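# Structural overview
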Amino acid sequence: MRTTALAGAAVLTATLMLTACGTSGAGSDDAMSDQTMSSQEQSDDMSDDMTDDMGMAARTGTFEGLNDKAVAGTAEVSDTELVLSGYSSDEGPDLHVYLTNGTDEAAVAAGTEIDVVAFDEASQTFALDGVEVADYDTVVIHCDKAKAVFGAAPLA
């Protein structure tokens, strides 16, 4: 009987953790498709002129949602900063942005956490002081509380 109660409590805890990083509600798909289009236009305009201090072109990527989550917009990484443009994400209680080499939990654990990210701010800039950006190929949006990847932008 005690084992059954513990198993039930474990299932309930896991369910609550996953629902803590739930979707933002009805109508979010239409708003995200509008933001995705404008972010692509912004990215095209900005990527032509964006270079870091050493004259090397910044790397950019377009977000795709993962694990049934919606993430849209573009990420632009130079040696000194990460810029999110036209960004939006499903709401989560503990969203962070990472530089990684992949999109699974192992890649996030091995990557570098940059900062907390707001799900509803279209433009966000993060300093990359002391980060070897050349070591990473993906920008990941991760809910640390639920240990769930919301979306990723492979860098090119």
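So, here's what we can say about the structure.

The rules behind these values
- Residues numbered from 1 in each chain as written.
- Predicted model: local features only at pLDDT ≥ 70, side-chain atom pairs only at ≥ 80, totals over all residues.
- Heavy atoms only, no water.
- Core = buried A, V, L, I, M, F, W, Y, C linked by side-chain atoms within 4.5 Å.
- Buried < 20%, exposed > 50% of the residue type's maximum accessible area, 1.4 Å probe, protein only.
- Helix = DSSP H or I, 4+ residues; strand = E, 2+ residues; numbered from the N terminus.
- Contact = heavy atoms within 4.5 Å.
- Pairing = 2+ DSSP bridges.
- Phe/Tyr/Trp six-rings, centres within 6.5 Å; stacked < 30°, edge-to-face > 60°.
- Axes fitted to C-alpha atoms, helices over the stretch in contact; angles between N-to-C directions.

### Things to note about the nonpolar core
Residues Phe63, Leu82, Leu99, Val139 and Ile141 are the most contacted members of the largest nonpolar core, which totals 25 residues. At the level of secondary structure, the elements contributing two or more residues to this core comprise β3 (71–77), β4 (81–89), β5 (95–100), β8 (138–143) and β9 (148–154). For Leu82, the contacting residues outside a window of four places in its chain are Ala75, Glu76, Val77, Val97, Gln124, Thr125, Phe126, Leu128 and Val139. In this structure, Tyr98, Val108, Val140 and Ala152 belong to the second largest nonpolar core, which totals five residues.

### Things to note about the environment of Ala58
Mapped onto the elements of the fold, Ala58 is located in the loop between α2 (28–49) and β1 (59–62). The exposure class of Ala58 is buried, given its relative accessible area of 15%. In sequence terms Ala58 and Glu76 are 18 residues apart; their C-alpha atoms lie 6.4 Å from each other.

### What about the sheet that holds strand β6 (residues 112–116)?
Strand pairing in a sheet is mediated by backbone hydrogen bonds. Such pairs are either parallel or antiparallel. Spatially, the five strands line up as an open sheet ordered β2-β9-β8-β5-β6, and their pairing is antiparallel. Edge positions in the sheet fall to β2 (64–65) and β6, since each of these pairs with one other strand and no more. Examined bridge by bridge, β2 and β9 share two bridges and lie antiparallel to one another. Looking at the pairing, Gly65 lines up with Gly151 of β9.

### Description of unusual backbone geometry
Despite not being glycine, Asn67 has its phi angle at roughly 55°, a positive value. Within the fold, Asn67 resides in the loop between β2 and β3. Unusually for a residue other than glycine, Lys147 sits at a positive phi of about 55°. With respect to the helices and strands, the residue Lys147 is situated in the loop between β8 and β9.

### With respect to the packing of aromatic side chains
Evaluation of the coordinates by the stated rule reveals one aromatic pair. Taking the centre distance of 5.8 Å and the plane angle of 65° together, the rings of Phe63 and Tyr87 count as edge-to-face. Here Tyr87 lies in strand β4 and Phe63 lies in the loop between β1 and β2, a separation of 24 residues in the sequence. Phe63 gets classed as buried once you look at its relative accessible area, which sits at 5%. According to the relative accessible area criterion, Tyr87 is buried, its value standing at 1%.

### A word on the sheet that holds β1
Overall, antiparallel pairing links the four strands, which are arranged β1-β3-β4-β7 in an open sheet. Sheet topology places β1 and β7 (124–127) at the edges, where each strand pairs with a single neighbour. Adjacent strand axes in the sheet meet at a mean angle of 15°, parallel and antiparallel pairs treated alike. The pairing of β1 with β3 spans four bridges and is classified as antiparallel. Note that in β3 the partner of Gly61 across the bridge is Ala75.

### Re the pairing of β4
Counting buried positions over the nine residues of β4 gives eight, a clear majority of the element. As judged from the six bridges shared by β3 and β4, these two strands associate in the antiparallel manner. When the sheet's bridge partners are listed, Val77 is paired in β4 with Leu82. As consecutive antiparallel partners, β3 and β4 are separated by three residues.

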